[in-house]
Amino acid sequence: MSENSTTTIWFVTGASRGIGLELVSRLLRRGDAVAATTRSVDRLLTALDGTDTGNLLPLEVDLTDQEQVTAAVAETRRRFGGLDVVVDNAGYGYLSAVEEIVDADARAMFDVQVFAVLNVLRAALPVFRANRRGHIVNVSSILGRTTFAGWGLYSAGKYALEALTEALAAEVADLGIRVNLIEPGYVRTDFLTERSLALPDSTIDDYPEVRGTTQAHQGMHGTQLGDPGKVAEAILAVVDSGSAPLHQFLGSDSVSFAEAHLEALRADVEASRVLADTDIVEPAPARG
C-alpha cells in the first residue's frame, strides 16, 4: 500500500505490449494505480482503449537514461502519493551466433536488459528503504537459467539480470523489501516477430544450426504454449501472496527446461570431482 492511501501503486516498464500490457490492463481493472513506461504513449493508450485509465500514469521514458527514470519514479510518487511495486518487464530478443554479435548490438542488449533495470532499481530502492517495504519483480526468462544455440546474447543479458536480482534479494531481505524473478517459457506475444526479435546484419555460413533455430522461432509465432494473460495473473499472485519462490518458473516448457538444466548441471558436478580438489594443503603444524 502507498504512504497515503490503501491503493497499491505499481511502476511497470515495457507496458504497451505482451506481458506488460496484460499486467497493466488487469491492474487498472482491479483499481490499482499504475505508472506505465513505454516508448510510445500513443501505442499504450490505443492498446488500452475501452479500459478505464483514470488510475493510469503513462510515461514515455528512455529506460537507459538514469535522469529520465528517476524523474519518472518521482512523478509516480507525486501523482499517486507513493510507490509499492516495481515490475521490470521491458526487453526484446536477439538471435544470432556468438561470433556474429557486433559491439553495438551487444551494448544495446545490455543497456535494456541490465542497465535499464539498474536505473529503475537505483530510483526505486531509496523509496523502499525509507519506507522499509516494497516489492521488486524482475521479469527474466527461462533463457536466463539455461540457453541454446543462437540465444547467447539474449541469455547473457538475462543471466546478468538473474545474478543482480539474486544478490539484491539477499541485500534487502532485512529491509522489508521483497524480490522475485519471473522466468517464463515461450509466451504467445509478438516477441518472436520483427517488432521484438532482432537479428544480426551479417551472418556466417558455418552456423546452419543457428539459421535453423532462427527460422524455427520465426515460424513459432502464434503457436507458443504460454498464455500472456495467465502470466500476468501469475505475477499478480506472486505479489499478492508474498510467499512465491525467488525463481518463479511459468509454463510447462519453462519447468521442463529448468529440470533438464538441473540434471545436466548435476552431471557436470559429479564429473568435475576428479579434478575438483585444487585446495591448498597447509603443512601440518610442527610438533614440539
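Residues numbered from 1 in each chain as written. Predicted model: local features only at pLDDT ≥ 70, side-chain atom pairs only at ≥ 80, totals over all residues. Heavy atoms only, no water.

*Asks:* Explain the overall build of the chain to me, please; I cannot follow it from the model alone.
*Replies:* A count of helical and extended segments in the chain gives eight helices and nine strands. Judged by the C-alpha coordinates and their principal axes, the chain covers about 75 × 65 × 35 Å. Expressed as a percentage of its 288 residues, the buried residues of the chain come to 45%. Residue pairs at least 24 apart in sequence account for 71% of intrachain contacts in the chain once pairs closer than 6 positions are excluded. (Helix = DSSP H or I, 4+ residues; strand = E, 2+ residues; numbered from the N terminus. Buried < 20%, exposed > 50% of the residue type's maximum accessible area, 1.4 Å probe, protein only. Contact = heavy atoms within 4.5 Å.)

*Asks:* What's the story with the pattern of salt bridges in this structure? I'm lost.
*Replies:* Oppositely charged side chains can pair when the atoms bearing their charge come close. Counted by the stated rule, this structure contains twelve salt bridges. Close ionic contact of R17 with D190 constitutes a salt bridge, the shortest N to O distance being 3.3 Å. Residue R17 is found in the loop between β1 (9-12) and α1 (18-29), and its partner D190 is found in the loop between β7 (177-184) and β8 (197-198); the two are separated by 173 residues along the sequence. According to the relative accessible area criterion, R17 is partly exposed, its value standing at 24%. Residue classification places D190 among the buried positions, given a relative accessible area of 14%. (Salt bridge = Lys/Arg side-chain N within 4 Å of Asp/Glu carboxyl O.)

*Asks:* What is the right way to look at helix α8 (residues 252-272) in this model?
*Replies:* Residues lying three or four places apart along an α-helix face the same way, a consequence of the helix completing one turn every 3.6 residues. Helix length check: α8 (21 residues) gives 30 Å between terminal C-alpha atoms against 30 Å at 1.5 Å per residue, within 8%. Taken together, the buried positions of α8 are occupied by D253, S254 and A258. Down the axis, α8 shows its buried residues gathered within 130° of arc, on one side only. With respect to the buried face of α8, the exposed residues turned more than 90 degrees away are S252, E263 and A271. (Expected span 1.5 Å × (residues − 1). Arc of directions from axis to C-beta.)

*Asks:* Hey, could you run me through the layout of surface pockets in this one?
*Replies:* As a volume, the largest pocket reaches approximately 920 Å³. Considering the residues around the largest pocket, the lining is formed by 44 residues, among which N89, A90, G91, Y92 and F191 are closest to the centre. Secondary-structure elements contributing two or more residues to the lining of the largest pocket are α1, β2 (33-38), α4 (103-131), α5 (152-172) and β8. (1 Å grid on protein atoms, 1.4 Å probe; cavity = no way out; pocket = protein on both sides within 12 Å on 5 of 7 lines; lining within 4 Å. Points joined across faces, edges and corners; volume = space filled by probe spheres on them.)

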